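Analysis of the macromolecular model
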Amino acid sequence: MEVITVFNKYFERIDVLRKYTFMQYVDKFNGVGEFKINAILCDENLYFFDKNEVFFVAFDEMAMGRIDKVAKDSDSEFERTIEITGRMIKYKLQTSVVYKQQIYSGRTAEVVKQLVENNMCVGSTGSKRYINFEFHMQSNRLDEMTQVINGQWTGGSVYDAVQPLLQQDNMGFEIIPVITERIEIGAQAPFTNILQWNFNILLGEDRTRNNVKGNKPVVFSHSLSNLTRSTYEKNIEDYCNVAYVAGEGEGNDRTWIEVYQDGIKGTNYEWNAVGWLRDELFVDARDLQKTADNKTYTDTEYKEMLTQRGKENLKDHIVFVSYDSTVTNENEKYKYGVDFKNGDFVTVVDNELGLTADVQITEVTKSVDGSREILDITFGYRSIQMNEKLRRKGVI
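A brief structural summary. Quick caveat, the model's predicted, so the values are computed rather than measured.

With that settled, consider the pattern of salt bridges. With the rule as written, the count across this model stands at 17 salt bridges. For E144, the salt bridge goes to K213, with nearest N and O atoms at 3.6 Å. You can see E144 sitting in the loop between β9 (133-137) and β10 (147-154) and its partner K213 sitting in the loop between β12 (191-203) and β13 (219-221), a full 69 residues away along the chain. Judged by its relative accessible area of 41%, E144 is partly exposed. Looking at K213, the relative accessible area reads 46%, which means it is partly exposed. Between E373 and K366 there is a salt bridge; the shortest N-O distance is 4.0 Å. Taking relative accessible area as the criterion, E373 reaches 57% and is therefore assigned exposed. On the basis of relative accessibility, which here comes to 14%, the residue K366 falls in the buried class. Put simply, R141, E144, E205 and K213 are held in one network by salt bridges that share partners.

Next up, the structure:
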């Protein structure tokens, strides 16, 4: 069974949870994720109800989360079960504030590092906001990332600032604890097993069938017996193809610009953004100021800042296409964490839906139910081809 290690609020290892019937955690490439544990109601697990303590759990000492809720329902069908739920450790970016107005420039990974470092690694060991992050990024791939020019952020959470930047480049991040032997560190927090955290800013590897990087292809299909249940959904309800971004100023004197979804303006895009097919979005970017931090930007530089904000917001209003499937390892063709990882691009051949797709792994859900281990993978689209049978029927 999955090893679940329990830590107290000082990240001191206090227990290994052995008596549980079900465990599931969701690892999101560019998100936070959550977990659920059904522990057996017995004397050795009653400490989870201590209202004065905060508990963290680590799954195989890699994926980690904070317990937010512990519940026991006396009317439940599973009367002898404690339901433990929480968020994965990346939640900390949601509860850390971007303090005042901050200005950043650089490639996506560099800007994300600056935002996290300046708001979560403030001061030195012992200061109130300090977290000992060791940052890692793929410096040899910086040229694949967006160049952010004079980005401005005021208030809000660190997560709200970095998530759209990463999403724009199909990037993600992870926070991995560096677990050591028990260390005595002081009177306020007497002992700990975690002094450092690895903050990894990630670009997925291209492992599609026709990748040009020479990586070993990873293909999931029913014929290979490594793809079972699958679901497909297309939704345009929240789609917008044009953003009106309003910057500094008052009333009609505010600076306004139009920003288009990538691939629309100036191309033969299938939906020309006119009339009924023009879906507009308003973006209030009043926090972006032409004069900030004792520097005045040119009209061109300020327009670039507003354009960047518009593109970030449009990224949340794309055509939603979701493809989920359960990946099996019966033939042991690929091993998760070795042959492919969260964030990688792979190829899926779904004979039931008649599609071949190059997709990005955006979410991995690992479940342990008794002795069964299940891996569910959520994909985001890179490109898709439907077979001729569907084309003739007019489905596409």
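Next comes the rest of the account.
We now examine the sheet that holds β9. Taken together, three strands build an open sheet; the order of strands is β9-β12-β11 and the sheet is mixed. This sheet does not close on itself; its edge strands, each paired only once, are β9 and β11 (171-184). Along the sheet, successive strands turn relative to each other by an average axial angle of 20°, direction set aside. Pairing of β9 with β12, which is carried by five bridges, proceeds in the parallel orientation. Within β12, the residue paired with M137 across the bridge is I201.

As a volume, the second largest pocket reaches approximately 1300 Å³. Lining the second largest pocket are 47 residues; nearest its centre among them are D27, Y336, G337, K341 and N342. Along the lines of polarity and charge, the residues of the lining of the second largest pocket split into 23 nonpolar, 10 polar and 14 charged.

Moving on, we get to the sheet that holds strand β15 (residues 242-246). Here we have three strands laid out as an open sheet, ordered β16-β15-β17, and mixed in their pairing. Unpaired on one side and paired on the other, β16 (256-260) and β17 (280-284) mark the two borders of the sheet. Geometrically, the sheet is characterised by an average inter-axis angle of 25° between neighbouring strands, direction not taken into account. Sheet topology places β15 next to β17; five bridges connect them, and they run parallel.

The residue T5 is located in strand β1 (residues 4-7) in this model. As for T5 and F59, which are separated by 54 residues in sequence, their C-alpha atoms are 6.6 Å apart. Discounting residues that sit within four places of it in the chain, T5 has contacts with R13, D15, V16, F56, V57, A58 and E61.

Reading the values: the criteria
- Throughout this description, residue numbers start from 1 for each chain and increase along the sequence as written.
- This being a predicted model, a pLDDT of at least 70 is required before a residue's local features are given, and a value of 80 or more before pairs of side-chain atoms are given or counted; all residues contribute to the totals for chains, interfaces and linings.
- Derived side-chain values reflect all non-hydrogen atoms in the structure, with water molecules and hydrogen atoms excluded from consideration.
- Here a salt bridge means any side-chain nitrogen of Lys or Arg lying within 4 Å of a carboxyl oxygen belonging to Asp or Glu.
- Helix and strand assignments follow DSSP, with helices taken as H or I runs no shorter than four residues and strands as E runs no shorter than two, numbered in order from the N terminus.
- Each residue is assigned to one of three classes by its accessible area relative to the maximum for its type, calculated with a 1.4 Å probe on protein chains only: buried under 20%, partly exposed between the two thresholds, exposed over 50%.
- For two strands to pair, DSSP has to find at least two bridges joining them.
- Between the N-to-C directions of two axes lies an angle of 0 to 180 degrees, each axis being a line fitted to C-alpha atoms and, for a helix, fitted only over the stretch in contact.
- Think of a 1 Å grid over the protein atoms and nothing else: a 1.4 Å probe that fits but is trapped marks a cavity, an open set flanked by protein within 12 Å on at least five of seven lines marks a pocket, and residues with an atom within 4 Å of a point count as lining.
- Grid points are joined across faces, edges and corners, and a volume is the space filled by probe spheres set on the points.
- The classification used treats Ala, Val, Leu, Ile, Met, Phe, Trp, Tyr, Cys and Pro as nonpolar, Asp, Glu, Lys and Arg as charged, and all other residues, Gly among them, as polar.
- Working rule for contacts: check all heavy atoms of both residues, and any pair within 4.5 Å makes them a contact.

On their own, these measurements won't tell you what the molecule is for.
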